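Topology and contacts: notes
What follows is the residue order along each chain.
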Amino acid sequence: MNHADASNFASGVTKEEAYEQVLMQAEGLFYGQRNWVCNLANTASLLWHAYHSLPPPSNAVNWAGFYVLDPSSTPEKPQLILGPFQGKVACQTIAFGRGVCGTAAAEARTQLVPDVDAFPGHIACDGDSRSEIVVPIIVDESDTEGDAKGKGKVVAIIDVDCTVVDGFDEVDQLWLERLAGLLAKSCDW
Ligand code: SME
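Residues numbered from 1 in each chain as written. Predicted model: local features only at pLDDT ≥ 70, side-chain atom pairs only at ≥ 80, totals over all residues. Heavy atoms only, no water.

Another point: the side chain of His122. Turning to its location among the elements, His122 is positioned in the loop between strand S4 (111-113) and strand S5 (131-139). Among the polar contacts listed, one links the side chain of His122 to the side chain of Glu132, at a separation of 3.4 Å. Here His122 is in contact with Gly99, Val100, Val116 and Glu132, once residues within four sequence places are set aside. (Helix = DSSP H or I, 4+ residues; strand = E, 2+ residues; numbered from the N terminus. Polar contact = N/O pair within 3.5 Å; in protein donor to acceptor, adjacent residues only side chain to side chain. Contact = heavy atoms within 4.5 Å.)

This is the structure:
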(Lines give C-alpha, C1' and ligand atoms only; values in the text may rest on other atoms or scores of the structure.)
Protein backbone atom coordinates (compact mmCIF):
# COMPACT_ATOMS: atom_id res chain seq x y z
CA MET A 1 0.00 0.00 0.00
CA ASN A 2 1.35 3.48 -0.77
CA HIS A 3 0.75 6.51 1.44
CA ALA A 4 -2.07 8.00 -0.65
CA ASP A 5 -4.16 4.86 -0.15
CA ALA A 6 -4.64 5.92 3.48
CA SER A 7 -6.97 8.63 2.12
CA ASN A 8 -9.25 6.13 0.34
CA PHE A 9 -12.51 5.70 2.21
CA ALA A 10 -15.06 3.17 1.00
CA SER A 11 -18.49 4.54 0.18
CA GLY A 12 -21.39 3.26 2.24
CA VAL A 13 -19.57 3.18 5.56
CA THR A 14 -21.08 4.80 8.65
CA LYS A 15 -19.65 7.96 10.20
CA GLU A 16 -18.33 5.89 13.11
CA GLU A 17 -16.54 3.55 10.68
CA ALA A 18 -15.04 6.47 8.74
CA TYR A 19 -13.73 8.04 11.94
CA GLU A 20 -12.38 4.66 13.08
CA GLN A 21 -10.43 4.48 9.83
CA VAL A 22 -9.14 8.04 10.30
CA LEU A 23 -7.79 7.12 13.72
CA MET A 24 -6.28 3.84 12.54
CA GLN A 25 -4.59 5.45 9.52
CA ALA A 26 -3.41 8.36 11.66
CA GLU A 27 -1.86 6.02 14.20
CA GLY A 28 -0.02 4.22 11.40
CA LEU A 29 1.21 7.47 9.84
CA PHE A 30 2.39 8.80 13.23
CA TYR A 31 4.52 5.70 13.82
CA GLY A 32 8.13 6.94 13.99
CA GLN A 33 7.02 10.51 13.26
CA ARG A 34 6.41 13.12 16.01
CA ASN A 35 6.66 16.35 13.99
CA TRP A 36 3.37 18.22 14.50
CA VAL A 37 3.36 19.96 11.10
CA CYS A 38 3.73 16.63 9.34
CA ASN A 39 1.17 14.81 11.48
CA LEU A 40 -1.46 17.59 11.41
CA ALA A 41 -1.07 17.90 7.62
CA ASN A 42 -1.74 14.21 7.07
CA THR A 43 -4.61 14.26 9.60
CA ALA A 44 -6.29 17.19 7.80
CA SER A 45 -6.13 15.15 4.59
CA LEU A 46 -7.58 12.06 6.27
CA LEU A 47 -10.47 14.06 7.77
CA TRP A 48 -11.22 15.81 4.48
CA HIS A 49 -11.42 12.60 2.49
CA ALA A 50 -13.40 10.84 5.24
CA TYR A 51 -16.08 13.56 5.34
CA HIS A 52 -16.34 13.65 1.56
CA SER A 53 -16.91 9.89 1.40
CA LEU A 54 -19.94 10.18 3.70
CA PRO A 55 -23.57 11.11 2.96
CA PRO A 56 -24.98 14.56 3.88
CA PRO A 57 -24.43 16.54 6.02
CA SER A 58 -20.84 15.31 6.47
CA ASN A 59 -19.97 15.63 2.77
CA ALA A 60 -20.80 19.34 3.02
CA VAL A 61 -17.70 19.94 5.15
CA ASN A 62 -15.90 22.93 3.60
CA TRP A 63 -12.95 23.30 5.99
CA ALA A 64 -11.07 20.78 8.12
CA GLY A 65 -7.84 21.61 9.89
CA PHE A 66 -5.97 23.05 12.79
CA TYR A 67 -4.92 26.16 14.62
CA VAL A 68 -1.93 25.84 16.94
CA LEU A 69 -0.76 27.90 19.90
CA ASP A 70 1.20 30.81 18.38
CA PRO A 71 4.74 30.53 19.77
CA SER A 72 5.14 34.30 19.36
CA SER A 73 2.20 35.00 21.74
CA THR A 74 2.57 35.28 25.52
CA PRO A 75 0.88 33.27 28.32
CA GLU A 76 -0.83 36.55 29.35
CA LYS A 77 -2.23 37.11 25.85
CA PRO A 78 -2.24 33.74 24.09
CA GLN A 79 -3.33 33.41 20.48
CA LEU A 80 -3.81 30.69 17.91
CA ILE A 81 -2.12 30.68 14.51
CA LEU A 82 -3.31 28.86 11.40
CA GLY A 83 -1.93 25.35 10.99
CA PRO A 84 -2.32 22.64 8.32
CA PHE A 85 -5.80 22.42 6.80
CA GLN A 86 -7.92 21.48 3.79
CA GLY A 87 -10.33 24.03 2.35
CA LYS A 88 -10.22 27.71 1.48
CA VAL A 89 -7.72 30.27 2.79
CA ALA A 90 -8.54 31.18 6.43
CA CYS A 91 -7.89 33.75 9.18
CA GLN A 92 -4.24 33.67 10.23
CA THR A 93 -4.44 34.40 13.96
CA ILE A 94 -7.24 34.15 16.56
CA ALA A 95 -6.92 35.42 20.15
CA PHE A 96 -7.91 33.01 22.94
CA GLY A 97 -11.50 33.84 23.86
CA ARG A 98 -12.46 35.06 20.37
CA GLY A 99 -14.79 33.18 18.02
CA VAL A 100 -15.51 29.48 18.22
CA CYS A 101 -11.83 28.49 18.02
CA GLY A 102 -10.66 31.00 20.62
CA THR A 103 -13.49 29.98 22.97
CA ALA A 104 -12.58 26.27 22.72
CA ALA A 105 -8.93 27.17 23.38
CA ALA A 106 -9.68 29.48 26.34
CA GLU A 107 -12.17 27.08 27.97
CA ALA A 108 -10.23 23.92 26.99
CA ARG A 109 -13.61 22.49 25.97
CA THR A 110 -15.24 21.31 22.74
CA GLN A 111 -17.59 23.80 21.06
CA LEU A 112 -20.33 22.07 19.05
CA VAL A 113 -22.07 24.88 17.14
CA PRO A 114 -25.20 23.79 15.19
CA ASP A 115 -25.72 27.30 13.76
CA VAL A 116 -22.77 29.68 13.58
CA ASP A 117 -25.09 32.69 13.25
CA ALA A 118 -26.33 31.95 16.77
CA PHE A 119 -22.81 31.87 18.24
CA PRO A 120 -21.85 35.30 19.58
CA GLY A 121 -18.54 36.40 18.10
CA HIS A 122 -18.27 33.65 15.48
CA ILE A 123 -15.49 34.58 13.05
CA ALA A 124 -16.69 34.17 9.48
CA CYS A 125 -13.51 33.17 7.65
CA ASP A 126 -15.75 31.69 4.97
CA GLY A 127 -19.28 33.03 4.53
CA ASP A 128 -20.40 29.59 3.34
CA SER A 129 -19.88 28.00 6.79
CA ARG A 130 -23.15 27.35 8.65
CA SER A 131 -22.09 24.99 11.46
CA GLU A 132 -18.83 24.20 13.14
CA ILE A 133 -17.13 21.96 15.69
CA VAL A 134 -13.92 22.88 17.49
CA VAL A 135 -12.06 20.44 19.75
CA PRO A 136 -9.06 21.42 21.87
CA ILE A 137 -5.86 19.36 21.82
CA ILE A 138 -4.66 19.29 25.40
CA VAL A 139 -1.26 18.05 26.56
CA ASP A 140 -0.70 16.88 30.14
CA GLU A 141 1.08 19.40 32.30
CA SER A 142 3.80 16.87 32.98
CA ASP A 143 4.55 16.78 29.23
CA THR A 144 4.98 20.54 28.85
CA GLU A 145 7.19 23.17 30.33
CA GLY A 146 5.95 26.03 32.46
CA ASP A 147 2.19 25.40 32.49
CA ALA A 148 0.84 27.41 35.40
CA LYS A 149 -2.77 26.21 35.38
CA GLY A 150 -2.05 22.65 36.42
CA LYS A 151 -4.74 21.07 34.26
CA GLY A 152 -2.97 20.59 30.98
CA LYS A 153 -2.14 23.00 28.22
CA VAL A 154 -4.09 23.69 25.02
CA VAL A 155 -1.46 23.31 22.28
CA ALA A 156 -3.81 23.36 19.27
CA ILE A 157 -7.43 22.96 18.21
CA ILE A 158 -9.18 20.85 15.57
CA ASP A 159 -11.65 22.94 13.57
CA VAL A 160 -14.21 21.56 11.12
CA ASP A 161 -16.77 23.70 9.27
CA CYS A 162 -19.84 22.65 7.28
CA THR A 163 -21.98 24.54 4.76
CA VAL A 164 -25.26 23.33 6.32
CA VAL A 165 -26.70 23.87 9.80
CA ASP A 166 -26.51 20.90 12.20
CA GLY A 167 -23.54 19.50 10.31
CA PHE A 168 -22.11 17.86 13.44
CA ASP A 169 -23.42 15.82 16.36
CA GLU A 170 -22.23 13.91 19.43
CA VAL A 171 -20.67 11.21 17.21
CA ASP A 172 -18.38 13.83 15.64
CA GLN A 173 -17.58 15.20 19.09
CA LEU A 174 -16.72 11.76 20.51
CA TRP A 175 -14.41 10.78 17.65
CA LEU A 176 -12.76 14.17 17.22
CA GLU A 177 -12.03 14.19 20.98
CA ARG A 178 -10.44 10.74 20.57
CA LEU A 179 -8.41 12.09 17.66
CA ALA A 180 -7.35 15.09 19.78
CA GLY A 181 -6.13 12.69 22.47
CA LEU A 182 -4.13 10.72 19.92
CA LEU A 183 -2.58 13.89 18.48
CA ALA A 184 -1.76 15.23 21.95
CA LYS A 185 0.39 12.22 22.76
CA SER A 186 1.76 11.56 19.25
CA CYS A 187 3.45 14.89 18.49
CA ASP A 188 6.24 17.01 20.00
CA TRP A 189 4.43 20.27 20.69
N1 SME B 1 -15.08 30.21 12.47
C2 SME B 1 -13.90 30.15 13.30
C3 SME B 1 -12.70 30.77 12.62
C4 SME B 1 -11.84 29.80 11.90
S5 SME B 1 -12.47 29.29 10.44
O6 SME B 1 -13.78 28.73 10.57
C7 SME B 1 -11.44 28.33 9.59
C8 SME B 1 -14.16 30.83 14.63
O9 SME B 1 -15.19 31.44 14.84
O10 SME B 1 -13.29 30.74 15.49
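So, about the pairing of strand S2 (residues 79-87). The pairing of strand S1 (residues 61-69) with S2 spans six bridges and is antiparallel. Its bridge partner lying in S2, Trp63 is registered against Gly87. Where S2 lies against strand S3 (residues 93-95), three bridges are found, and the strand directions are antiparallel. Within S3, the residue paired with Ile81 across the bridge is Thr93. Between S2 and S3, which pair antiparallel and follow one another directly, the connecting turn spans five residues. (Pairing = 2+ DSSP bridges.)

Inspection of every chain in the model, using the stated rule, returns five aromatic pairs. The interplanar angle of 5 degrees and the centroid separation of 6.4 Å between the aromatic rings of Tyr19 and Trp175 together place this pair among those described as stacked. Of this pair, Tyr19 sits in helix H1 (residues 15-30) while Trp175 is found in helix H4 (residues 170-186), placing the two residues 156 residues apart along the sequence. The same class applies to Tyr19 as to Trp175, namely buried. Every member of this aromatic cluster is reached through a ring pair, and the members are Tyr19, Tyr51 and Trp175. We note Arg178 situated over the ring of Trp175; from NZ or CZ to the ring centre the distance is 4.5 Å. (Phe/Tyr/Trp six-rings, centres within 6.5 Å; stacked < 30°, edge-to-face > 60°. Buried < 20%, exposed > 50% of the residue type's maximum accessible area, 1.4 Å probe, protein only. Lys NZ or Arg CZ within 6 Å of the ring centre and 35° of its normal.)

Attention now moves to the state of the cysteines. Enumeration according to the criterion identifies one disulfide in this entry. A disulfide bridge connects Cys91 with Cys125, and the sulfur atoms are separated by 1.9 Å. With the S-S bond torsion at -125 degrees, the cross-link from Cys91 to Cys125 turns out left-handed. Residue Cys91 is found in the loop between S2 and S3, and its partner Cys125 is found in the loop between S4 and S5; the two are separated by 34 residues along the sequence. Cys101 carries a free sulfur, and the closest cysteine sulfur to it, the one in Cys125, is 7.4 Å from it. Cys187 forms no disulfide, and the closest cysteine sulfur to it belongs to Cys38, at a distance of 8.7 Å. (Disulfide = S-S within 2.5 Å.)

A few words on empty space enclosed by the protein. The gaps of empty space that remain are located by a probe, the size of a water molecule, rolled over the atoms. Scanning the model with the defined rule gives one cavity of 30 Å³ or more in all. The computed volume of the largest cavity comes to approximately 150 Å³. Forming the boundary of the largest cavity are 16 residues, of which Ile123, Cys125, Glu132, Asp159 and Asp161 lie nearest the centre. Of all the secondary structure elements, the ones that give two or more residues to the lining of the largest cavity are S1, helix H3 (99-107) and strand S6 (153-162). With three residues, the top contributor of residues to the lining of the largest cavity is H3. Counted by class, the lining of the largest cavity contains nine nonpolar, three polar and four charged residues. (1 Å grid on protein atoms, 1.4 Å probe; cavity = no way out; pocket = protein on both sides within 12 Å on 5 of 7 lines; lining within 4 Å. Points joined across faces, edges and corners; volume = space filled by probe spheres on them. Nonpolar A, V, L, I, M, F, W, Y, C, P; charged D, E, K, R; others polar.)

Another aspect to go through is the site of the ligand. Within the structure, the ligand sits among 13 residues, and Val100, Cys101, Ile123, Glu132 and Asp161 are positioned closest to it. Within the side chain of Glu132, one N or O atom sits 3.0 Å away from a nitrogen atom of the ligand. Interatomic distance of 3.4 Å between a side-chain N/O atom of Asp159 and an oxygen atom of the ligand. Contact with the protein chains removes 99% of the 310 Å² of surface that the ligand exposes when unbound. Counting atoms within 2 Å of the grid points, the majority share of the ligand lands in the largest cavity. Where the shell around the ligand is concerned, the elements lending two or more residues are S1, H3 and S6. Sort the elements by how many residues they give to the shell around the ligand and H3 lands first, with three residues. The residue makeup of the shell around the ligand, split by class, is eight nonpolar, two polar and three charged. (Near = heavy atom within 4 Å. Areas by Shrake-Rupley, 256 points an atom, 1.4 Å probe, with all protein chains shown as cover. Sits in = over half its atoms within 2 Å of the grid points.)

The values are spatial; any link to function lies outside them.
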